[in-house]
Every structure is written in C-alpha cells, then in structure tokens.
Amino acid sequence: MSERKVLNKYYPPDFDPSKIPKLKLPKDRQYVVRLMAPFNMRCKTCGEYIYKGKKFNARKETVQNELYMGLPIFRFYIKCTRCLAEITFKTDPENTDYAMEHGATRNFQAEKLIEQEETKIQREREEEELNNPMKVLENRTRDSKLEMEVLENLQELKELNQRQATVDFEGMIGQYRELEQREKEREKEEDERETQEMLDRALMKRLRDSDSDSDQEEKPSEPPPQRTATDRPTDILTTEQLTETQGHSAGGVKKAKVERWEKSVGKLSGGGALASLVVRRKPAAAAAAAAAAAGPAAPPAGSSSKPADSTGTQAAVPSVLPVRSSSLSLLGAYSDSDSNSE
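The shown structure was predicted, so the numbers you read here are calculated from the model rather than taken from an experiment. (Residues numbered from 1 in each chain as written. Predicted model: local features only at pLDDT ≥ 70, side-chain atom pairs only at ≥ 80, totals over all residues. Heavy atoms only, no water.)

Asker: Could you clarify how one ought to interpret the pairing of strand S7 (residues 97–102) in this entry?
Answerer: It is a general feature of regular strands that their side chains alternate between the two faces of the sheet. Sheet topology note: the strand S6 (residues 86–92)/S7 ladder contains five bridges and is antiparallel. From the neighbouring strand, Thr88 faces S7, where its bridge partner is His102. The hairpin formed by S6 and S7 contains four residues between the paired strands, and Thr96 there has a positive phi angle of roughly 50 degrees. (Pairing = 2+ DSSP bridges. Helix = DSSP H or I, 4+ residues; strand = E, 2+ residues; numbered from the N terminus.)

Asker: Explanation requested: the pattern of salt bridges in the structure shown.
Answerer: If charged atoms from side chains of opposite charge come close, those side chains can pair. Following the criterion strictly, the structure yields twelve salt bridges and no others. For Glu86, the salt bridge identified is with Arg59, shortest N-O distance 2.6 Å. Note that Glu86 is positioned in strand S6 and Arg59 in strand S4 (residues 55–68), a separation of 27 residues in sequence. Among the residues examined, Arg59 registers a relative accessible area of 29% and is labelled partly exposed. Salt bridges here are not isolated pairs; linked through shared partners, they connect Glu61, Glu66, Arg75, Lys90 and Glu101. (Salt bridge = Lys/Arg side-chain N within 4 Å of Asp/Glu carboxyl O. Buried < 20%, exposed > 50% of the residue type's maximum accessible area, 1.4 Å probe, protein only.)

Asker: It is not clear to me how the state of the cysteines should be interpreted in this structure. Could you clarify?
Answerer: Put plainly, two cysteines are in a disulfide when a covalent bond ties their sulfur atoms together. All chains considered together, the criterion is met by zero disulfides. For Cys46, which is in no disulfide, the shortest distance to another cysteine sulfur is to Cys83 and amounts to 3.5 Å. On the basis of relative accessible area, Cys46 is assigned to the partly exposed category, the value being 26%. (Disulfide = S-S within 2.5 Å.)

Asker: Looking at this structure, how should I read the packing of helix H1 (residues 110–131) against helix H2 (residues 133–164)?
Answerer: Pairs of packed helices are described in terms of their axes, by the angle between the two and the distance that separates them. Relative orientation of the contacting elements H1 and H2 amounts to 125 degrees, with a least axis distance of 5 Å. The angle between H1 and H2 falls in the class oblique. Contacts from Arg125, Glu128, Glu129 and Asn131 of H1 reach H2 at Pro133, Lys135, Val136, Asn139 and Asp143. Among the residues making up the contact of H1 with H2, the classes are represented as two nonpolar, two polar and five charged. (Axes fitted to C-alpha atoms, helices over the stretch in contact; angles between N-to-C directions. Parallel < 35°, antiparallel > 145°, perpendicular 65-115°, else oblique. Contact = heavy atoms within 4.5 Å. Nonpolar A, V, L, I, M, F, W, Y, C, P; charged D, E, K, R; others polar.)

Asker: Any chance you could explain H2 here in plain terms?
Answerer: Count 3.6 residues to each turn of an α-helix, and residues three or four apart come out pointing the same way. With 32 residues, H2 extends 47 Å between its outermost C-alpha atoms, agreeing within 8% with the 46 Å of an ideal straight helix rising 1.5 Å per residue. Its side-chain oxygen placed 3.3 Å from the backbone nitrogen of Met134, Asn132 serves as the N-cap of H2. (Expected span 1.5 Å × (residues − 1). Polar contact = N/O pair within 3.5 Å; in protein donor to acceptor, adjacent residues only side chain to side chain.)

Asker: How do you make sense of the nonpolar core when you look at a structure like this?
Answerer: With 15 residues, the main nonpolar core has Leu35, Met41, Ile50, Ile78, Ile87 and Phe89 as its most contacted residues. Breaking this core down by element, the ones donating at least two residues are strand S2 (41–43), S4, strand S5 (71–79) and S6. (Core = buried A, V, L, I, M, F, W, Y, C linked by side-chain atoms within 4.5 Å.)

Asker: Is there a simple way to think about the packing of aromatic side chains in this case?
Answerer: Note on aromatic pairs: each is described by the distance of the centres and the angle between the planes. For the structure shown, the criterion picks out four aromatic pairs. With 5.9 Å between their ring centres and 70 degrees between their planes, Phe39 and Phe89 make a pair best called edge-to-face. With Phe39 in the loop between strand S1 (31–36) and S2 and Phe89 in strand S6, this pair connects stretches of sequence that are 50 residues apart. Summarising the burial analysis for this pair, Phe39 and Phe89 share the class buried. Three or more aromatic residues joined by ring pairs form one cluster here, namely Phe39, Phe76, Phe89 and Tyr98. When the ring centre of Tyr77 is taken as origin, the NZ or CZ atom of Arg59, which lies over that ring, is 4.6 Å away. The side chain of Lys60 reaches across the aromatic face of Phe74, ending 4.4 Å from its centre. (Phe/Tyr/Trp six-rings, centres within 6.5 Å; stacked < 30°, edge-to-face > 60°. Lys NZ or Arg CZ within 6 Å of the ring centre and 35° of its normal.)

Asker: Mind showing me how you'd approach a nonpolar patch on the surface here?
Answerer: Taken together, Tyr11, Phe15 and Ile20 make up a surface patch of nonpolar side chains, about 330 Å² in accessible area. For Phe15, the position within the fold is in the segment before S1. The exposure class of Phe15 is partly exposed, given its relative accessible area of 38%. (Patch = residues over 30% accessible without salt bridge, like charges linked within 9 Å, V, L, I, M, F, W, Y side chains within 5 Å. Areas by Shrake-Rupley, 256 points an atom, 1.4 Å probe, with all protein chains shown as cover.)

Asker: What should I look at first to understand a negative patch on the surface in this one?
Answerer: A cluster of acidic residues, Glu111, Glu115, Glu117, Glu118, Glu124, Glu126, Glu127 and Glu128, forms a negative patch at the surface. Examined against the element boundaries, Glu127 turns out to sit in helix H1. Taking relative accessible area as the criterion, Glu127 reaches 47% and is therefore assigned partly exposed. (Lys, Arg positive; Asp, Glu negative; His and termini not counted. Charge placed at Lys NZ, Arg CZ, Asp CG, Glu CD.)

Here you go:
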C-alpha cells in the first residue's frame, strides 16, 4: 500500500529536470487570495462603510511597469458587501501603507493629508531656492523675523508668570500643616468631650438606680391587707369562737373543749341569730338541784345508771329543750347524745 502523504518522491538515476517542459503563464495573471481590508473605506456607489479588518476573497495581480527600488507593487480587487461594486487598492512600499485607487474613498485621512501638504510645500520651496538666490534671502529674513517674534512672546509669558508667581510654597505647606494639626486637635477634643459626657450619663444613671434601691429599703414594708369579716359567708360563724378562745387563753383559764357541733355550726353564745334556737347544756350542780326539787323518779326501763365522776357527783344528763321543731333542735339533740356516749 502506497504512502498517503508523500513527502519524498522517487527520482530515477537518469532524471534530467531540464527535459521537463516549462509552463507558460501570462505575466498579468491573477490569484485568489484571502485578505482583510487594510483601512476604513466607504463605497462610492452605495455609501456603505467597510471597516478595517473586514475579510474578503480578493483577486491579486502584479502591477505592470511599476517598481519601487526593485520591489513589485501588487493590486487587489474586492467587492462591496452591499452593492457588489468593484473596489481596488494597491500596495505603497514608499510609505509602508496601502493606496486607494478607485471605487471607494478612504476615511480618517485628515492627518495624513496635512502631512502630505506640508511635504509638498517644503519641496516647492526647496525648488524655488535652487533657482532663485533672492528667494533664499527673503525666506531667511522671514524665518529670522518669525523666530524673533516667537522669542519675544515667550519672554513676555515668562515675565507674566514671574509677576504672578509670588506664592511662597514653604509658607503654604506650613499653613496646611498647621491647619491639619488644628483639625486633629479639634477632633481629639470632641472625642474626649463625647467620652466624658457618656461617662457622666452612666454615672448619673448608676446614682439614680442606687438612690431608688435605698429608698425601697428604707420604706417600711406595708402589712398584708386584712381580710374583712365578710370575705366568706361562713366567717361570721367562726369569728366569735376565735375571739372567746383567745380571751380565755390570755387570762390563764383552761381552754374549753370545743364540741363537734360547735365546730360545724359555730359559737352560739354570742347572741347571734342561731343562739335563740338551741338551749345550751346546764352545769352539773344546777341539774342536780333541779332533779332534787322535782323528786326521785324511776328510771326508764333499759336505762343504766352512770358512774359518778371524780367529784362524787353523778354526771347529769343535760336536757335539750327544742324551742322550735326545726333541724337545729335535732342537731342539738344529736350533739348531746354524742357527748353522753363519750
């Protein structure tokens, strides 16, 4: 299998390159090359702008009978991107640039045109001075006069600047430094004043807090509010009992035994509304005197005599006389039988 990319070809021993016929091509032949627009241009036909760097498939040819120091000059043909009009430009080795021929105008050439005009004037002047000696003298006289005027104007400007330049730079620097120092001192004083004010405010707040705490400590504690007698509906029944009990204990007398029915109903000796409904139990001496006056009576059947107490007197059975047939009378009788059973 032969090599796909042939780099070295085979030359036989009897190969003679002079026997190869030469290809005859015209001298003004054109080649298709890929290039970019060397400058900004504007089409004369449609006014389309073609910016520098626009890529084209151009035709290239060698310009006949034009050489610059033995260097050939090439011409390029491109077409407008809008109207397809033909635009041509060629190389300019003298100015190391490209020159527009026809079909478009080159943009941004004001500076170049001015330079060309100055060059043209200078060349014409040199030609005149070569042929006319008086023209040389006139040009020199005009140049010297123009130079003197420029020097005088420059001297006037220097004197004007010297008259106006009476500023002491060292003094300005000193004033600036002094001003900067005063500004720093003022800022420092403001910071110190603000810090002192903050400390004073904190101290005053601390003093106020301590004063308020001391006032609260010196102020006597208020006694708790006393309950009134009418806080609860049942307080009216126990108020007298508590008062009597406290009085007996203060006088050294033994505290009387509180009956069970008194615990639930309350003290009845205070002349309350319930005192008239129940007759209290009489003492043992009064019960014995009443029994002697009434005479001996046979005890009922099934009853047993009670033993005498330590004083030699028999405990009398208190008679509870119900005043009204109500539940309170039954309550008194129930409490009396309960106490006897004890």
